Amino acid sequence: MDYATSGEVMTLGSFVVRNAFRNKRRSLLTMISISFSLLLLTLMICIWRSFYVDQVAPEAARRLIVRDRVSLAFFLPAYYRDKIRSVPGVMAVAPLTWFGGRYMDDRPEHFFAQMATDPDEYLKVASDKIVPPEQVKAWQQDRAGALVDVTLANKYGWKLGDRITLQANIFPTNLDLTIRAIYHRDPPQNALYFNAKYLEEAVPWFKGQAGWYAAQIDSADLVARAAHEIDDMFHNSPLQTKTESEKAFQLGFVASLGNVKAFILSICGAVVFAIMLVSANTMAMSVRSRTREVAVLKTLGFTRQRVLSIFVSESVALALAGGLLGVLVAIPVIAGLTHRFIGLGIPLDMKVNVVTGGLSLLVALILGVVSGYLPAYKASHMNIVEGLRHIG
Amino acid sequence: MAIPISYNVRNLRLRKGLTIMTALGIALTVTTAIFLMALIAGLNRAFVSSGNPLNVLVLRKGSEAELSGGFDASLYPTLKTLPGIAKDKQGEPMTSGEWVVVIILPRKDGTGEVNVTVRGMMPDGLEMRQLSDPGHRGVKLVEGRWFQTGQREVVVSKSIQSRFSHANIGDTMEFGKGSWKVVGVFDAGGSAYESEVWGDVNQMASDFDRQGGFASAYLRATDPIAAEALKNRVSDDQRLKLEGFIETDYYAKQTSSGAPIKVIGFVVGFIMAIGSIFAAMNTMYAAVAYRGREIATLRVIGFSRPAILTSFVLESLLLALLGAAAGIVLMLPFNGMQTGTSNAVTFSEVVFALRITPQVAGYAILFALIMGFVGGLAPAWHAARQNILSALRS
């Protein structure tokens, strides 16, 4: 060792770091392996956070969705709209109907949400969508006009005035639409809105109905009460309603995919266990190859605790380095996946932030301690004489 | 000359701890992959095994699912007179006009409410579904009796019975305009019917204000050729404005419901596999490093570089195989575990079982072998290229 000759002061910290990365290839492989596991863990944490923890924007929190109690497949009558409007606190109500058509072909990457609505009132409900006023006007004036998300417009190169055709699946008519307005929203949404009257003209039996209603409520305190009042109002009607916040409405789709919570947790479990194995494995190899060195350290007077802490620290340093790499890689990967999910119509707003990244690193830290402990314990309790004799 | 494989086996046994930990790491990745593949296999089976190739499903033209269908009841008698329809017990054409609605049931484990498909059918509908044909197993009653025409009675599938509350014989279910008595439980052999509740079509139609029409009609053809002809005849008749589907084709299209699971499965499997490859590489590099002198000795004895390369790749493959085996054994208890997801076409819950088929196991082994191969190649290359003299001296 040439530390002394180089004149460097050897602190415990630099000793640990130097040892952790002494076998460069092994450390690098371990780090990469850990980083991929942590990338996955970060992804899972972000999904969890987006589903179950994140609070929505204030306007969205004041938005209620009123739909048929049994299933979205059933339409609600048009007169429900005025009745909902009469509930105290309701500022605006817009009808929405899922058109479910296809654009170009059946490929999933060409799928996006298409909804029939009322252009005169829709933007009062969806106040988080930002549209230039002249475009709003153009959309309201053209019955066959469409309002589209800016990312969707960019994806297909649509410009104002472009004409597109949606092929029908559920309704028996194709739609020819003209792009009249483009909206900005954070996060982007991949959706298209058009005038429900246009659909009614083409499909007579659809007249006087809507898939569901979105209602904007005055203040946050009134939201829960308004939801109750709406459902009570239709309790004895032939079609009962289910009113819930927009977030709960979206979570309903997530829940219908199956037991998502258990799914995420089990993947996290597998990942955590995998990191532990990899990291413990590396530390075992490292200790094994340094048997003689440990014995020398002990003859120099290093106590068992010292040796133990040196090896645990090494394991932690490796795990943290891998974790940091994983979190760094996760940032672009998760941004890309979010984009892709939104493209598929799944409203997942995932971002790696201080909390999610920090949580992943914390997991890495704990795993570093746990996985390093056993090999380190073995090393610290080694018999000095045997250790010195060891041929490694 | 090749190095005998027992050399590798002995080496793996010599460094037990390392072997077990690396194999377990691979096993975990394999387990995750098996879990996701078994989900997809189960879901595919639910759809692929659904429907009888002799049944022709009739829907309103342009509608792709029973839920969004609906045609006037006056068209039904015309359908009944079409040629090529098999006869029922009474000697009449075996056809059934049906209604499908979706209701909300609370899950037994309290994890929320789920949409469940309720199907109203005619007596012929029941008879048709109990028929077994080559390559298709009919629905069987396992408990109680079938519902009776004109009664507010329902029969439920086995998995509905086990997953939802109030679904045992003698219980009453609340939906539509009142309560329905559960009188029987049927086994649909893991098909899409496994997610349904059945009752009398007229009772259901009046409860959901759907009298005077049907969502769909089922026609039982005498043979596959007649089924094809029936389907074309229904679709081509301009007056009817209806469309015929062979029932098996109709369900095969719904497998797209597994798309979200496939996307997630691919991402998760891919990331975990890369992690495992690096872990395996690490282990193999260590194996090579420990055995530097041994490898050099082998070379001196006369084993060629390719022989050493093959031997170490083989060792890595063995390690991966061990991991695959452990992964499969770990996952076997979950075989048959029932779960549900949303059907993208009907918006209702599809119940299906995790299925670890030989194919799934085969893919899992292949997956592990690829990990072993990629992970083992670089270290094996390193071993083969080692300088004999310096290795012997070390």
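Residues numbered from 1 in each chain as written. Chains lettered and ligands numbered in written order. Predicted model: local features only at pLDDT ≥ 70, side-chain atom pairs only at ≥ 80, totals over all residues.

1. Here's the deal with the overall build of chain A
Across its full length, chain A holds 15 helices and eleven strands. Computed over its C-alpha atoms, the radius of gyration of chain A comes to 30 Å, more than 25% above the 21 Å expected for a compact globule of 392 residues. Here the C-alpha coordinates of chain A stretch approximately 95 × 45 × 35 Å along the principal axes. Counting over 392 residues, chain A shows a buried share of 40%. (Helix = DSSP H or I, 4+ residues; strand = E, 2+ residues; numbered from the N terminus. Rg over C-alpha atoms; globule rule 2.2 N^0.38 Å. Buried ≥ 20, exposed ≤ 12 C-beta atoms within 10 Å, placed from the backbone.)

2. Let's talk about the overall build of chain B
Counting its regular elements, chain B contains 13 helices and 14 strands. Taking 394 residues into account, the globule formula puts the C-alpha radius of gyration at 21 Å, and chain B, at 29 Å, lies well above it. Per-residue burial over chain B gives 52% buried out of 394 residues. Here the contacts in chain B between residues at least 6 apart in sequence split such that 81% fall between residues at least 24 apart. (Contact = placed C-beta atoms within 7 Å.)

3. Observations regarding the pairing of strand β4 (residues 113-117) of chain A
All names here are of chain A. Counted residue by residue, β4 has four buried out of five residues, so it is predominantly covered. As paired strands, strand β3 (residues 90-98) and β4 are joined by three bridges and run antiparallel to one another. The partner of tryptophan 98 across the bridge, within β4, is methionine 115. Sheet topology places β4 next to strand β8 (residues 191-195); five bridges connect them, and they run parallel. By the bridge assignment for β8, methionine 115 is matched with tyrosine 193. (Pairing = 2+ DSSP bridges.)

4. Observations concerning the packing of helix α11 (residues 260-289) of chain A against helix α2 (residues 16-48) of chain B
Viewed as axis vectors pointing N to C, α11 of chain A and α2 of chain B meet at an angle of 160°, and their least axial separation amounts to 9 Å. With respect to α2 of chain B, the element α11 of chain A is oriented roughly antiparallel. The handedness of the crossing between α11 of chain A and α2 of chain B comes out as left-handed. Listed contacts from α2 of chain B to Ile267, Ala270, Phe273, Ala274, Leu277, Val278, Ala280, Asn281, Ala284 and Met285 of chain A of α11 of chain A are Gly17, Leu18, Met21, Thr22, Leu24, Gly25, Leu28, Thr29, Thr31 and Thr32 of chain B. Of the residues assigned to the contact of α11 of chain A with α2 of chain B, the class counts are 13 nonpolar, seven polar and no charged. (Axes fitted to C-alpha atoms, helices over the stretch in contact; angles between N-to-C directions. Parallel < 35°, antiparallel > 145°, perpendicular 65-115°, else oblique. Left-handed = near helix turned anticlockwise from the far one by under 90°. Nonpolar A, V, L, I, M, F, W, Y, C, P; charged D, E, K, R; others polar.)

5. A word on α2 of chain B
If you check α2 of chain B, its first and last C-alpha atoms are 45 Å apart, about what 33 residues at 1.5 Å a residue would give, namely 48 Å. Across the 33 residues of α2 of chain B, 26 count as buried, placing the element largely inside the fold. (Expected span 1.5 Å × (residues − 1).)

6. Description of the interface of chain B and chain A
Across the contact, 40 residues belong to chain B and 36 residues belong to chain A. Those elements that provide at least two residues to the side of chain B that touches chain A are α2, β3 (95-106), α9 (259-290) and β13 (338-342) of chain B. Top element by residues in the side of chain B that touches chain A is α9 of chain B. It accounts for 14 residues. Residues of the side of chain B that touches chain A, tallied by class, amount to 20 nonpolar, 18 polar and two charged.

7. Looking at the domain arrangement of chain A
Segmentation of chain A into domains returns domain 1 (12-55 + 258-389) and domain 2 (70-239). For domain 1 of chain A and domain 2 of chain A, the distance between their C-alpha centres works out to 47 Å. (Domains from an automatic or database assignment.)

8. Description of the nonpolar core
When a protein is soluble and globular, its nonpolar side chains tend to lie buried together. Core analysis: the largest hydrophobic core is formed by 178 residues, its most contacted members being Leu40 of chain A together with Ile34, Leu219 and Ala364 of chain B. Looking at this core element by element, the count peaks at 19 residues for α2 of chain B. Once you skip the residues sitting within four places of it in the chain, leucine 219 of chain B turns out to touch Val56, Val58, Leu79, Leu82, Ile85, Thr95 and Leu230 of chain B. With 51 residues, the next largest nonpolar core counts Leu64, Ile65, Leu166 and Trp212 of chain A among its residues. (Core = buried A, V, L, I, M, F, W, Y, C linked by C-beta atoms within 7 Å.)

9. Description of the sheet that holds strand β10 (residues 212-217) of chain A
All names here are of chain A. Overall, mixed pairing links the nine strands, which are arranged β6-β7-β5-β8-β4-β3-β10-β1-β11 in an open sheet. Of all the strands in the sheet, just β6 (163-166) and β11 (241-245) have a single pairing partner and so form its edges. Neighbour-to-neighbour, the strand axes of the sheet open up by a mean angle of 35°, direction not taken into account. Against the sheet, helix α6 (residues 133-141) touches β5 (145-149) and β7 (175-183), its axis set at about 160° to β7. Each of β1 (63-68), β3, β10 and β11 is contacted by helix α9 (residues 223-233), which is oriented at about 170° to β11, the strand it contacts most.

10. Some thoughts on the packing of α9 of chain B against helix α11 (residues 305-331) of chain B
Residues and elements named next belong to chain B. Interhelical geometry of α9 versus α11 gives an angle of 135° and a closest axis separation of 11 Å. In terms of axis orientation, α9 runs oblique to α11. Crossing angle aside, the handedness with which α9 passes α11 is right-handed. In contact with Ala280, Met284, Ala287 and Val288 of α9, α11 contributes Phe312, Glu315, Ser316, Leu319 and Ala320. Among the residues forming the contact of α9 with α11, the class breakdown is seven nonpolar, one polar and one charged.

11. Some details on the domain arrangement of chain B
Residue and element names in this part refer to chain B. As assigned here, chain B comprises domain 1 (5-47 + 256-388) and domain 2 (55-222). When each unit is reduced to the centre of its C-alpha atoms, the spacing between domain 1 and domain 2 is 45 Å. At the interface, 14 residues of domain 1 touch 15 residues of domain 2. Going through the elements one at a time, α2, β13 and β14 (349-353) are the ones with two or more residues in the side of domain 1 that touches domain 2. Of the residues that constitute the side of domain 1 that touches domain 2, the class distribution is eight nonpolar, four polar and two charged.

12. Examining the environment of glycine 211 of chain A
All names here are of chain A. Inspection of the secondary structure puts glycine 211 in the loop between β9 (209-210) and β10. Each C-alpha atom, one on glycine 211 and one on alanine 116, is 8.9 Å from the other, the two residues being 95 residues apart in sequence. When neighbours within four sequence positions are excluded, glycine 211 is seen to be in contact with Leu72, Phe75, Leu96, Thr97 and Trp98.

13. Details of the environment of glutamate 194 of chain B
All names here are of chain B. Looking at where glutamate 194 falls in the secondary structure, it is placed in the loop between β8 (178-187) and β9 (196-200). Between the C-alpha atom of glutamate 194 and that of phenylalanine 352, which follows or precedes it by 158 residues, the distance is 7.9 Å. Discounting residues that sit within four places of it in the chain, glutamate 194 has contacts with Ala46, Ser157, Ser159, Ala188 and Val351.

14. Examining helix α7 (residues 224-236) of chain B
All names here are of chain B. Counted at 1.5 Å a residue, the expected span for α7 with its 13 residues is 18 Å, and the 18 Å between its end C-alpha atoms agrees. Looking at α7, one finds that the buried residues are Ala226, Ala227, Leu230, Lys231 and Val234. The buried residues of α7 occupy an angular sector of 140° when the element is viewed end-on, so they sit on one face. Facing away from the buried side of α7 by more than 90 degrees, the exposed set consists of Ile225, Asn232 and Asp236. Packed against the buried residues of α7 are β1 (55-60), β11 (216-220) and β12 (242-246). (Arc of directions from axis to C-beta.)

15. So, the environment of valine 288 of chain B
Residues and elements named next belong to chain B. Here valine 288 is to be found in helix α9. For valine 288 and histidine 382, which are 94 residues apart along the polypeptide, the C-alpha to C-alpha distance reads 7.9 Å. Apart from the residues within four sequence positions on either side, valine 288 is in contact with Phe312, Pro379, His382 and Ala383.

16. Notes on unusual backbone geometry
Residues and elements named next belong to chain B. With a phi close to 60°, histidine 166 is a non-glycine residue in the positive phi region. Within the secondary structure layout, histidine 166 lies in the loop between α5 (158-163) and β7 (172-175). Not every positive phi belongs to a glycine, and lysine 241 is a case in point at roughly 55°. Examined against the element boundaries, lysine 241 turns out to sit in the loop between α7 and β12.

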